Amino acid sequence: MRTPPARRSFTRRCALVVAFAAAIAVLPACRSQQSLAGPTTTTSPPTTSTTTTSTTSTTSTTTTTLPPTTTTLPIITEGGIVKVANASGVDGAAGRLTDELAALGFETRRATNAAGPDSDLQVSKIYVKPGAEAVAESISRLMGGLEIFPMPTPAWIQGATESLADANVLIMLGHDLAGTALDDIT
């Protein structure tokens, strides 16, 4: 027995409505996966495929969602010389961070103390000179996403810009991260 054209049209419209509803239901999941990605990952939206099978009496829809792919950004250690300034008052904190960064392959200079308006910071930050941005961004990721600013003149450390010498990345270690190992920073 042959299905009348009006019924086939109704069946096709129902299948399209079901496929459209499934696509709409998947979109919020795609957006939430993208917004959860932290500074170290890149996600691609899940792939969705819809297969519709139609017979004269039933319609079925199958939706498949693949997991997102992630990419970890590399840590760039070359192209910058790092100096850490203690802006927290925690004895030895800048020296310990300098040692940790050197062990990871960063070129470092002797730790110092902060001065001027940055002498006592609640929140750590990074200053960078042009050309060393990739190293500053890598350190920022290692330290939980610190804000990066252009290097001030004079540098807010003891001995000012002269003490900075050839360093082109300056970490101002504040109270928030002083004494915390890199492995313990989330």
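Quick look at the structure, then.

## Observations concerning the nonpolar core
Moving on, step 1. Counting residues in hydrophobic clusters, the biggest one holds 22 residues, and the most contacted among them are Val82, Leu101, Ile139, Met143, Val169 and Ile171.
Moving on, step 2. Put simply, the parts of the chain that give this core at least two residues each are strand S5 (81-86), helix H2 (93-103), strand S8 (125-128), helix H3 (133-142) and strand S10 (169-173).
Moving on, step 3. Sort the elements by how many residues they give to this core and H2 lands first, with four residues.
Moving on, step 4. When near neighbours in sequence (up to four residues on either side) are disregarded, Ile171 contacts Val82, Lys83, Val84, Ala85, Leu97, Leu101, Lys125, Ile126, Ile139 and Met143.

## Some points on the packing of aromatic side chains
Moving on, step 1. Counted under the stated rule, the structure contains one aromatic pair.
Moving on, step 2. Looking at Lys125, its charged tip hangs above the ring of Phe149, at a distance of 5.6 Å from the centre.

## Examining the side chain of Thr77
Moving on, step 1. Among the structural elements, Thr77 can be located in the loop between strand S4 (70-72) and S5.
Moving on, step 2. Classification of Thr77 by relative accessible area gives buried; the value is 18%.
Moving on, step 3. The residues contacting Thr77, other than those within four sequence positions of it, are Leu104, Gly105, Phe106, Glu107 and Val135.

## What about the environment of Lys129?
Moving on, step 1. As for its position among the elements, Lys129 is in the loop between S8 and H3.
Moving on, step 2. You can call Lys129 partly exposed: its relative accessible area is 29%.
Moving on, step 3. Lys129 sits 21 residues away from Pro150 along the chain, and the two C-alpha atoms are 6.1 Å apart.

## Details of the pattern of salt bridges
Moving on, step 1. Under the counting rule described, the total for this entry stands at three salt bridges.
Moving on, step 2. A salt bridge links Glu107 to Arg109; the nearest nitrogen and oxygen atoms lie 3.0 Å apart.
Moving on, step 3. Given the relative accessible area of 26%, Arg109 is considered partly exposed.
Moving on, step 4. Two residues, Asp166 and Arg109, come together in a salt bridge whose shortest N-O distance is 2.7 Å. Highlighted residues: Asp166 in the loop between helix H4 (160-164) and S10 and Arg109 in the loop between strand S6 (107-108) and strand S7 (112-113), separated in sequence by 57 residues.
Moving on, step 5. For Asp166, a relative accessible area of 37% corresponds to the partly exposed category.

Calculation rules
Residues numbered from 1 in each chain as written. Predicted model: local features only at pLDDT ≥ 70, side-chain atom pairs only at ≥ 80, totals over all residues. Heavy atoms only, no water. Core = buried A, V, L, I, M, F, W, Y, C linked by side-chain atoms within 4.5 Å. Buried < 20%, exposed > 50% of the residue type's maximum accessible area, 1.4 Å probe, protein only. Helix = DSSP H or I, 4+ residues; strand = E, 2+ residues; numbered from the N terminus. Contact = heavy atoms within 4.5 Å. Phe/Tyr/Trp six-rings, centres within 6.5 Å; stacked < 30°, edge-to-face > 60°. Lys NZ or Arg CZ within 6 Å of the ring centre and 35° of its normal. Salt bridge = Lys/Arg side-chain N within 4 Å of Asp/Glu carboxyl O.

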